[in-house]
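Chain and residue survey
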Amino acid sequence: MIWDLHCHFPGFGGRTPEEAVEDMLRLADRMRIERFLLYMGERFLHDPTEAELREQNDWVLRAVARGRNRVHGLVYLSPAHMRTSLAEFDRCVRDGPMVGVKLWVARRCREPEVDAIVERCAAQRALFFQHTWAKTTGNLPGESSPNDLAELARRHPGVPLVCGHTGGNWTLGIRTVRSLPNVSVDLAGSDPTNGFVEMAVRELGADRVLWGSDAGGRSWASQLGKVMGADLPEEDKFKILGGNLKRLLTPILTAKNLL
Amino acid sequence: MIADTNVTLSRWPFRRVPGDEPEVLVAKLRSQSVTEAWTGSFDGLLHEDIGGVNERLASDCRKYGAGLLKPFGSINLRLPDWQDDVRRCHERFSMRGLRLHPNYQGYGLGGAPFIELLEMATERKMLVQIAAVMEDERTQNPLVRAPLVNFAPLAAALKRVPEARVQILNSGRLAPQLRQSLLAAGHVYLDIAMVEGVYGLVRLLEASPAGRVLFGSYYPLFYLESATLKLQEAGVEGAAREALLSGNARALMAALQ
Ligand SMILES: [Zn+2]
């Protein structure tokens, strides 16, 4: 059972969300990917306006509607627009089909505004996903590092949070969140460097490691290769490829009758 | 049956990697049906005793894998008398190719030494592999940074040595326009290790003349399965699959004979 934590529209075919999702499902079948989470719209916007946030989420809502229960959405929010973000959470998650939140690079997640978003997620048992990178070449001004996520995680010890990309620089990212049991790491969107998954399991335990791809910008093949090629027992691979994500999403999927 | 054109022995300088012991590497390659591996050395990035690097590489390739590993010697064009390293690779170790890491050694492809190397390799019927990048710039050690190799001067160099055979390893980050101009400029070959995007391989195959894209995994620094799964993702089957997995590599070596 393979569930992908991390997909976007760019890189796939199709001119509409419906066409795009058909293309995704066709390719997903080829790679035996059963379900995937989709977030953000037809293009990447670092610091979207309120209207752009709504448009981006509308794309995902249309894709989810077409996705035959194999495509689940995360609502794209921005701490720069809290009123709209909380309204979007209610529209897309509380009252809609989406199952969690995606925060990207508009503002760093250690900012106090983010607390309200985490609290909403906790109330709905929605997944909280934060992009993180620790770039040798320097982060964007609003781009969170694993340190920012660790700071947020310490303020919300009971709420499951996902450390997107494991910080990219994963040897650092793994260490940074190691002592925070509420943080899981996302394997997506970095080169398939050998040893990544083995180190994540050694330091965090297999239960805290989630497979995601960052397709279509990344290849499903290169990202699946990280787990398929890892020197780990099959039961760990099963958890990483989908078991853990299913466990995290089961409460909200059950509540929405989407399981 | 796979000819993997992008395999490396010895130690990645920044951490241990599963598969960096030759027995483990060979077992893994075999388990994935790799029957021939063009193998360089991570020592070739930073060591200055290149003679020693190539001697160890040749010896390990003899010792492990019963002929599976084909050594590709390192040449550092900034070192005095690098020409003798080429000669030894060819004459003493019977190597079929060389592997360059210009971005770890601080030379470009525009100078006279690179032309001279292309000429020497071509005379000796050796393939010249150039690794475009070994690690994402965003994750490199901040004190040891190596940007993507500048391939812009390669087209002019190939005009000077038109019979040269050059393979760009880890070429996935090259701008498509530059990549296309190089493919048109001479006998330039690519691998698939760093090809990214769900349609990355499909587009690369569409854009490349027949025979120019070879299987290369960048194992053990990359998980080997990353490369093998790309054929499944791209739906490459039948003759195209055979060509990509091994036929194109065999044809390239035959053309060098
Ligand atoms: Zn992403």
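Residues numbered from 1 in each chain as written. Chains lettered and ligands numbered in written order. Predicted model: local features only at pLDDT ≥ 70, side-chain atom pairs only at ≥ 80, totals over all residues. Heavy atoms only, no water.

This paragraph deals with the overall build of chain A. Helices and strands together make up the secondary structure of chain A, namely 9 helices and 8 strands. A compact globule built from 259 residues should have a C-alpha radius of gyration of about 18 Å, and chain A, at 17 Å, falls within 12% of that. Its C-alpha atoms give chain A principal-axis dimensions of about 45 × 40 × 35 Å. By the burial criterion, 64% of the 259 residues in chain A qualify as buried. Here the analysis covers contacts within chain A between residues at least 6 apart in sequence; of these, 75% occur between residues at least 24 apart. Accessible surface, chain A as shown: approximately 9200 Å² in total, 48% of it carbon and sulfur. Distance between charge centres in chain A, computed from 34 positive and 33 negative side chains, equals 2 Å. (Helix = DSSP H or I, 4+ residues; strand = E, 2+ residues; numbered from the N terminus. Rg over C-alpha atoms; globule rule 2.2 N^0.38 Å. Buried < 20%, exposed > 50% of the residue type's maximum accessible area, 1.4 Å probe, protein only. Contact = heavy atoms within 4.5 Å. Areas by Shrake-Rupley, 256 points an atom, 1.4 Å probe, with all protein chains shown as cover. Lys, Arg positive; Asp, Glu negative; His and termini not counted. Charge placed at Lys NZ, Arg CZ, Asp CG, Glu CD.)

Here we take up the state of the cysteines. A covalent bond between the sulfur atoms of two cysteines is referred to as a disulfide. Counted according to the given criterion, the structure contains 0 disulfides over all chains. Here Cys-7 of chain A is not disulfide-linked; the sulfur of Cys-92 of chain A is the nearest cysteine sulfur, at 18 Å. Using a relative accessible area of 0% as the deciding quantity, one classes Cys-7 of chain A as buried. We note that Cys-61 of chain B lacks a disulfide partner, and the nearest cysteine sulfur, in Cys-89 of chain B, lies 11 Å from it. (Disulfide = S-S within 2.5 Å.)

Our next topic: the coordination of the zinc ion. All names here are of chain A. At the metal site, the zinc ion is ligated by His-6 (NE2), His-8 (NE2) and Asp-214 (OD), and these contacts range over 2.0 to 2.4 Å. Sequence spacing of the donor residues for the zinc ion, all on one chain, is H-x1-H-x205-D. Placement of the pair is His-6 in strand β1 (residues 3-7) and Asp-214 in the loop between β8 (209-210) and α8 (220-228), with a sequence separation of 208 residues. On the accessibility criterion, His-6 (0% relative accessible area) is buried. (Donors = N, O, S within 2.8 Å, 3.2 Å for Na, K, Ca; no water.)

All names here are of chain B. Counting buried residues along strand β1 (residues 2-9), 8 of its 8 residues qualify, which places the element largely inside the surrounding structure. Alignment of β1 against strand β2 (residues 34-41), held across 6 bridges, turns out to be parallel. Its bridge partner being in β2, Asp-4 is matched across the sheet by Ala-37. Between the parallel elements β1 and β2, the chain passes through helix α1 (residues 22-31) in a crossover that is right-handed. (Pairing = 2+ DSSP bridges. Right-handed = clockwise from strand over helix to strand, strands pointing away.)

Let us look at the environment of Ser-41 of chain B. Residue and element names in this part refer to chain B. By secondary structure assignment, the location of Ser-41 is in strand β2. Take Ser-41: its relative accessible area is 5%, and that puts it in the buried class. Measuring from C-alpha to C-alpha, the distance between Ser-41 and Tyr-107 comes to 19 Å, with 66 residues separating the pair along the chain. Among the polar contacts listed, one links the side chain of Ser-41 to the backbone nitrogen of Asp-43, at a separation of 3.0 Å. (Polar contact = N/O pair within 3.5 Å; in protein donor to acceptor, adjacent residues only side chain to side chain.)

Quick look at the sheet that holds strand β4 (residues 100-103) of chain A now. Residue and element names in this part refer to chain A. Strand order in this open sheet of 8 strands is β1-β2-β3-β4-β5-β6-β7-β8, and the pairing throughout is parallel. Bordering the open sheet on either side are β1 and β8, each of which pairs with just one other strand. Judged from the 4 bridges that link them, strand β5 (residues 127-131) and strand β6 (residues 161-164) form a sheet pairing that is parallel. What sits directly across from Phe-129, in β6, is Val-162. Packed onto the sheet, helix α1 (residues 17-30) meets β2 (35-38) and β3 (71-77) and runs at close to 140° relative to β2. In the packing of helix α5 (residues 146-155) onto the sheet, the strands contacted are β5, β6 and β7 (183-186), and the crossing angle to β6 comes to about 175°. (Axes fitted to C-alpha atoms, helices over the stretch in contact; angles between N-to-C directions.)

Turning to the interface of chain B and chain A, a few remarks are in order. Contacts between the two partners involve 31 residues from chain B, matched on the other side by 41 residues from chain A. Of the roughly 2700 Å² buried where chain B meets chain A, counting both sides, 55% is carbon and sulfur surface. Run the count over chain B and chain A and you get 2 salt bridges. Put simply, Asp-191 of chain A and Arg-173 of chain B hold a salt bridge, and the shortest N to O gap is 2.8 Å. Counting every contact that joins chain B to chain A gives 25 residue pairs in polar contact (both at pLDDT 80 or more). By residue class, the composition of the side of chain B that touches chain A is 13 nonpolar, 7 polar and 11 charged. (Buried area = accessible area lost by both parts, 1.4 Å probe. Salt bridge = Lys/Arg side-chain N within 4 Å of Asp/Glu carboxyl O. Nonpolar A, V, L, I, M, F, W, Y, C, P; charged D, E, K, R; others polar.)

We now examine the environment of Leu-259 of chain A. Residues and elements named next belong to chain A. In this structure, Leu-259 sits in the segment after α9 (234-255). Of the residues examined, Leu-259 reaches a relative accessible area of 48% and is grouped as partly exposed. Separated by 83 residues in the primary sequence, Leu-259 and Thr-176 have C-alpha atoms spaced 33 Å apart. If we ignore the near neighbours within four places in the chain, the residues touching Leu-259 are Trp-3, Arg-35, Asn-69, Lys-246, Thr-250, Leu-253 and Thr-254.

It is worth spelling out the packing of helix α2 (residues 50-66) of chain A against helix α3 (residues 82-94) of chain A at this point. How two helices pack is summed up by the angle between their axes together with the distance between the axes. Residues and elements named next belong to chain A. Contact geometry of α2 with α3 gives a least axis separation of 10 Å together with a crossing angle of 15°. In terms of orientation, α2 lies roughly parallel with respect to α3. The handedness of the crossing between α2 and α3 comes out as right-handed. Of the residues in α3, those touching α2 at Glu-50, Leu-53, Arg-54, Asn-57, Asp-58 and Leu-61 are Thr-84, Ser-85, Glu-88, Arg-91 and Cys-92. Tallied by class, the residues present in the contact of α2 with α3 amount to 3 nonpolar, 3 polar and 5 charged. (Parallel < 35°, antiparallel > 145°, perpendicular 65-115°, else oblique. Left-handed = near helix turned anticlockwise from the far one by under 90°.)

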